[in-house]
Amino acid sequence: MRGSSVLSLMPLLLLATLTACGPGDATERPELAAPDAALPRQATTGELTTLSLAEDILERRCMARAGFHLPTAPEPARTGTEPPPMALVLADVPWAREHGYGSRVRTPGEIARLRANDPVGDYLRALTPQRRAEALRAWQGGGVDTVEVTLPGGATTGRSTRGCTSEARGELYGEFRTWFGADAVDRGVTALAMSRALTDPAYTKALRRWSDCVAGRGLPHESPGALRAALGDSAPAAKEVEYAVAEASCAVGSGLAAVAGDVEERHLADVRERYRADVTNARRMRLAALPKAERIVRDEEPSRHNTQKNNTQKRGTR
């Protein structure tokens, strides 16, 4: 990836740890998996947020040691009630009516505020080209000493074992190579199971009834994924609610919600069993890291609050 492309993405990296995943993204929602008494429990959404915050804090501390003082990422544009699981379809009609898709979709105004409040991007853009390149290498490791993992779906993913991103995770979870492999495969289990579920005959049969239902509401889309893609990740609140309510109402009315739940559980159980060792490792490492993550976040909170207060005051005096 070219430096300019990387730079355009970097301001979002810290923010991404604080926000929910986009419409249809199941890989960031491990709570979708059916319980398995033989496996360690899964981290809750709140616990995953704590782990992500701790990773961010450790990354910034590492970058400071390298001579780059990254500002704290802004708070999420939208907070509030966590959305219900929706890997294959959103099926909670009252929730959709009140929240739309929740933090998965932002209004144009929220997007504008995010772009205007970009302290990390401002910091990187203010550096000289040479220092910016050095910052990116310090952050991501520059592609040196890469560890690669084959995911359940057959694709390969990799990351440098050097750089603050990897160092932070190694510090939090104990050993980066082990963590990266287990975490990548664990997330890949959900992705593979969902891709199989999408082609399951029981699901596709119910999906046709759902599609007829949303078409009757003026939204001619073949799947929830296509419906969400048509909405995009930025939409006026009223339009977002319209799409979310249509998806959920038709999921319940067509029977797709019940079928989707059964299909998800069956495919998740099957794929998870094949990769039980990595799933177990990832869950254990997350749970073991939680006490340390909680301490890191707790210790950082006063500093974060003061930094945000100062930034707000500075913007107010411009």
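Residues numbered from 1 in each chain as written. Predicted model: local features only at pLDDT ≥ 70, side-chain atom pairs only at ≥ 80, totals over all residues. Heavy atoms only, no water.

## Some details on the packing of aromatic side chains
Going by this rule: Stacked, edge-to-face and tilted are the three classes for Phe, Tyr and Trp ring pairs, Trp counted by its six-membered ring, which pair at centre distances within 6.5 Å; planes under 30 degrees apart are stacked, over 60 edge-to-face, the rest tilted. Each residue's exposure class comes from its accessible area (1.4 Å probe, protein chains only) as a fraction of the maximum for that residue type: buried when under 20%, exposed when over 50%, partly exposed otherwise.
Summed over the entire model, instances satisfying the criterion amount to two aromatic pairs. With a centroid separation of 3.8 Å and an interplanar angle of 10°, the aromatic rings of Tyr-173 and Trp-179 are classed as stacked. A residue is classified by how much of its surface remains accessible, and Tyr-173, at 9% relative accessible area, is buried. Owing to a relative accessible area of 4%, Trp-179 belongs among the buried residues under this scheme.

## Considerations on the environment of Thr-157
Under the convention used in this document: Only runs of H or I of at least four residues qualify as helices and only runs of E of at least two qualify as strands under DSSP, and these elements are numbered from the N terminus. The contact criterion used is simple: two residues touch if any of their non-hydrogen atoms lie within 4.5 Å.
Following the sequence through the fold, Thr-157 ends up in strand 2 (residues 156–160). For the pair Thr-157 and Thr-146, spaced 11 residues apart in sequence, the C-alpha separation works out to 9.8 Å. Once residues lying within four places of it in the same chain are set aside, the contact partners of Thr-157 are Val-147, Glu-148, Val-149, Leu-151, Phe-180 and Ala-184.

## Some points on helix 6 (residues 129–140)
Here is the rule we go by: Helix span, as expected, comes to 1.5 Å for every residue beyond the first. Working definition: the arc comes from the directions between the helix axis and the C-beta atoms, pointing outward to the latter.
Across its 12 residues, helix 6 extends 16 Å between first and last C-alpha, which sits within 8% of the 16 Å expected from 1.5 Å per residue. When helix 6 is considered as a whole, its buried residues turn out to be Arg-132, Ala-135, Leu-136, Ala-138 and Trp-139. Each buried residue of helix 6 lies within a common arc of 165° when the element is viewed along its axis, so the set occupies one face.

## Here's the deal with the packing of helix 5 (residues 119–126) against helix 6
Where we set the bar: Axes here refer to lines fitted to C-alpha atoms; in helices the fit is confined to the stretch in contact. Angles between the N-to-C directions go from 0 to 180 degrees. Here the word oblique covers every angle except those under 35 degrees (roughly parallel), over 145 (roughly antiparallel) and from 65 to 115 (roughly perpendicular). Note that Gly is not counted as nonpolar here; it falls among the polar residues with everything else outside the nonpolar set of Ala, Val, Leu, Ile, Met, Phe, Trp, Tyr, Cys and Pro and the charged set of Asp, Glu, Lys and Arg.
As a packed pair, helix 5 and helix 6 sit with axes 8 Å apart at the nearest point and diverge in direction by 130°. Accordingly, the angle class assigned to the pair helix 5 and helix 6 is oblique. Contacts between helix 5 and helix 6 involve Val-120, Leu-124 and Arg-125 from the former and Arg-132, Ala-135 and Trp-139 from the latter. Its residues placed into classes, the contact of helix 5 with helix 6 shows four nonpolar, no polar and two charged.

## As for the nonpolar core
One recurring pattern in soluble globular proteins: nonpolar side chains tend to sit buried together. Rule in force here: Here, the term nonpolar core denotes a set of buried Ala, Val, Leu, Ile, Met, Phe, Trp, Tyr and Cys residues that are joined through side-chain atoms within 4.5 Å.
With 43 residues, the main nonpolar core has Tyr-101, Tyr-203, Trp-210 and Leu-256 as its most contacted residues. Elements with a minimum of two residues in this core: helix 3 (93–99), strand 1 (146–150), helix 8 (176–198), helix 9 (201–216), helix 10 (224–231), helix 11 (237–254) and helix 12 (256–274). With nine residues, the single largest contributor to this core is helix 8. Formed by 17 residues, the second largest nonpolar core is a distinct cluster that contains Leu-58, Ala-168, Leu-172 and Ala-293.

## Details of the side chain of Ser-249
As for its position among the elements, Ser-249 is in helix 11. A relative accessible area of 17% places Ser-249 in the buried class. Once you skip the residues sitting within four places of it in the chain, Ser-249 turns out to touch Val-93 and Arg-217.

## Some words on the packing of helix 2 (residues 45–65) against helix 7 (residues 164–173)
Basically, it comes down to this: For any pair of crossing helices, the crossing counts as left-handed if the nearer helix is rotated counterclockwise from the farther one by less than a right angle, and right-handed if it is rotated clockwise.
Between helix 2 and helix 7, the least distance of the axes is 8 Å, while the angle of their chain directions is 125°. Considered as vectors, helix 2 and helix 7 are oriented oblique to each other. The interaxial crossing formed by helix 2 with helix 7 has right-handed handedness. Between helix 2 and helix 7, the residues in contact are Leu-51, Ala-54, Glu-55, Leu-58, Glu-59, Cys-62, Met-63 and Arg-65 and Cys-164, Thr-165, Glu-167, Ala-168, Arg-169, Glu-171, Leu-172 and Tyr-173, respectively.

## Examining unusual backbone geometry
Phi at Asp-145 takes a positive value of approximately 55°, unusual for a residue other than glycine. One can find Asp-145 in the loop between helix 6 and strand 1.

## Brief notes about the pattern of salt bridges
Rule in force here: Here a salt bridge means any side-chain nitrogen of Lys or Arg lying within 4 Å of a carboxyl oxygen belonging to Asp or Glu.
Per the counting criterion, the structure on display carries 17 salt bridges. Asp-186 is the partner of Arg-286 in a salt bridge, and the nearest nitrogen-oxygen pair spans 2.9 Å. Here Arg-286, found in helix 13 (residues 276–316), pairs with Asp-186, found in helix 8; they are 100 residues apart in sequence, far enough to count as distant. As far as burial versus exposure is concerned, Arg-286 and Asp-186 are alike and both buried.

## Let's talk about the pairing of strand 2
When a strand is regular, its side chains alternate between the sheet's two faces. Inclusion rule: When DSSP finds two or more bridges between a pair of strands, those strands are recorded as paired.
Here strand 1 pairs with strand 2 via five bridges, running antiparallel. Paired with Val-147 across the bridge in strand 2 is Arg-159. Taking the residues between adjacent antiparallel strands as the criterion, strand 1 and strand 2 are bridged by five residues, where Gly-154 takes a positive phi near 105°.

## Observations concerning the confidence of the model for the protein chain
Rule in force here: Per residue, pLDDT captures the predictor's confidence, and it can take any value from 0 to 100.
The predicted model of the protein chain averages 82 in pLDDT, with 77% of residues at 70 or higher. Mean pLDDT per element in the protein chain: helix 1 (residues 3–16) is the minimum at 40, and helix 9 is the maximum at 97. Between residues 1–34, whose pLDDT stays under 50, and residues either more than four places distant or in other chains, the model counts 76 contacts. Across residues 311–318, confidence stays below pLDDT 50; counting only partners more than four residues off in sequence or on other chains, it has one contact.

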